[in-house]
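# Structural features, examined
In case you want the letters, here they are:
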Amino acid sequence: MYCVRKVTDDIYWVGGNDRRLMCFEGVYDVPRGVSYNSYLLLDEKTVLFDTVDKAVAEVFFENVEHVLAGRTLDYVVVHHMEPDHSATLCELVRRYPDVKIVCNSKMVTMIKQYFTFDIDSHAVVVDEGGTFSSGKHSFTFINAPMVHWPEVMFTYDAAAKILFSADAFGMFGALDGALFADEVDFERDHLDEARRYYTNIVGKYGLQVINALKKAAAFDIQMVCPLHGYVWRKNIGWFIDKYMKWASYEPEEKGVVIAYSSVYGHTANAADTLACLLGEQGVKTVVYDVSVTAESYIISDIFKYSHVVFAATTYNMGVFIKMENLLHDLVEHGIQNRSTALIENGTWAPQSGRLMKELLSSCKGFRFLNEKFTLKSSMKEEQMGDLKALADTIAQTVKNE
């Protein structure tokens, strides 16, 4: 049975929700599922904006058939060739053999890599600034390379003043009946998942995101239709401001993320003690055990807050593996401009502090607030003065930055 929502009088959401997916892209857990958005325009010519993941193919094709109501499909615009948005493209061509595929030249190459149908006979190739009309609606295409694949493009609909934004402005989480961000309490219930999506999926490509948003800013945008998550028709500027902060690696809030690895609880004790000392000075603090919390949540909060403390045991003369994985992931996501402090532990040869600093030194704009704070197995009373001094330094910079 079909499941559709009206976006405007002649544009319909025809996507699907997947709540059985446990791991998005095989990496990121999605306890609230994910939506795959596709939009269908009924104009003089019918135009579909993107397809969906194969997991929701059945309801997607039922939705398309219902909205078309006997009409044929004239065009499909492809914004992004990642399979969660293109896996059903071949089946779409089989069902609508005369459909034309509006895409750029990089997408043509990728379509040939994924599928065996004759793309050359279907393709309408467009490039930066190219235009297309379906009747009442006219479209301009905006290249958005590396947001977050090289072929990505946006489409601006001048008639409806809609930006079809590909993966930009997306989020984790299925749509539970609501389609528009203003139909829910987005900041309270969904901003964290939007941030987690951006920082982990797109976060490495901040400069490219800023460049794409600058190009899009030349258009009068009254609505944003992403490929995951809610459609934006109100307070768009608020969400764009969040994106610009994330893309420029500017913290949203003053505060401290303390991420620790602890085998027998001693490093955890030092992390909690530091959190208490910071709390006494009114500093907002979030504490994570990296062996328990998935990296994507920690990375998201490191993008959110201004300061981060890494506390790790030495393990096999290196950094405890869970912490090492987090640090490598964080570096790969291009994090910048954070103040950080280091706590190391080791019973006979503490090494983790030096090694963590070496890893993080490649991050642009990282400011180290201490050389390292060293534990030998467990923290002793005589070290409280040094830990308080570290807390004072962190608190002072949180308040002054």
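Just so it is clear, the structure is predicted and the values come from calculations on it, not from any experiment. (Residues numbered from 1 in each chain as written. Predicted model: local features only at pLDDT ≥ 70, side-chain atom pairs only at ≥ 80, totals over all residues. Heavy atoms only, no water.)

What follows covers the overall build of the protein. When you go through the protein residue by residue, the secondary structure sums to 13 helices and 23 strands. Dimensions of the protein along its principal axes, counting C-alpha atoms only, are 80 × 40 × 35 Å. Nonlocal contacts in the protein, meaning residues at least 24 apart in sequence, comprise 73% of its contacts between residues at least 6 apart. Roughly 16,600 Å² of accessible area belongs to the protein as shown, and the carbon and sulfur atoms make up 50% of that amount. (Helix = DSSP H or I, 4+ residues; strand = E, 2+ residues; numbered from the N terminus. Contact = heavy atoms within 4.5 Å. Areas by Shrake-Rupley, 256 points an atom, 1.4 Å probe, with all protein chains shown as cover.)

Scanning all chains against the criterion turns up 22 salt bridges. Linking Asp-192 and Arg-195 is a salt bridge whose minimum nitrogen-to-oxygen distance equals 2.9 Å. Residue Asp-192 and its partner Arg-195 are located together in helix H6 (residues 191–202), separated by 3 residues, close to a single helical turn. Of the residues examined, Asp-192 reaches a relative accessible area of 46% and is grouped as partly exposed. Judged by relative accessible area, Arg-195 falls into the buried class, the value being 1%. One connected set of salt bridges, linked through shared partners, spans Asp-192, Arg-195, Lys-242 and Glu-252. (Salt bridge = Lys/Arg side-chain N within 4 Å of Asp/Glu carboxyl O. Buried < 20%, exposed > 50% of the residue type's maximum accessible area, 1.4 Å probe, protein only.)

Take the packing of helix H7 (residues 206–216) against helix H8 (residues 236–247) next. Remark: H7 packs on H8, axes separated minimally by 8 Å, with the N-to-C direction vectors making an angle of 145°. Contacts between H7 and H8 involve Gly-206, Leu-207, Val-209, Ile-210 and Leu-213 on the former and, on the latter, Tyr-243, Met-244 and Ala-247. (Axes fitted to C-alpha atoms, helices over the stretch in contact; angles between N-to-C directions.)

The tally for this structure, following the rule as stated, stands at 29 aromatic pairs. Between Phe-169 and Tyr-243, the ring centres sit 4.5 Å apart and the planes meet at 35°, which makes this aromatic pair tilted. Taken together, the residues Phe-169 in the loop between strand S15 (162–164) and helix H5 (186–189) and Tyr-243 in helix H8 connect sequence positions 74 residues apart. For the pair formed by Phe-169 and Tyr-243, the shared burial category is buried. Within the aromatic cluster, the residues linked to one another by ring pairs are Phe-169, Phe-186, Tyr-198, Tyr-230, Trp-232, Trp-238, Phe-239, Tyr-243 and Trp-246. Arg-95 extends its terminal NZ or CZ atom over the ring of Phe-61, reaching a point 4.1 Å from the ring centre. (Phe/Tyr/Trp six-rings, centres within 6.5 Å; stacked < 30°, edge-to-face > 60°. Lys NZ or Arg CZ within 6 Å of the ring centre and 35° of its normal.)

A few words on the packing of helix H11 (residues 321–332) against helix H12 (residues 352–360). The interhelical angle for the contact between H11 and H12, taken along N-to-C directions, is 15°, at an axis separation of 10 Å. As summarised for this structure, H11 and H12 are arranged roughly parallel, according to the angle between their axes. In this structure, H11 meets H12 at a crossing whose hand is right-handed. Of the residues in H12, those touching H11 at Met-323, Leu-327, His-328, Leu-330 and Val-331 are Met-356, Leu-359 and Leu-360. (Parallel < 35°, antiparallel > 145°, perpendicular 65-115°, else oblique. Left-handed = near helix turned anticlockwise from the far one by under 90°.)

In this structure, His-148 follows Val-147 across a cis peptide bond, with omega equal to 5°. Tracing the backbone through its elements, the reader meets His-148 in the loop between strand S13 (138–143) and strand S14 (153–157). Phi is positive for Asp-50, which is not a glycine, with a value near 75°. Relative to the assigned elements, Asp-50 resides in the loop between strand S8 (46–49) and helix H1 (57–68). A positive phi angle, near 55°, is found at Asn-316, a position not held by glycine. Checked against the element boundaries, Asn-316 lands in the loop between strand S19 (305–315) and strand S20 (318–319). Judged by its relative accessible area of 74%, Asn-316 is exposed.

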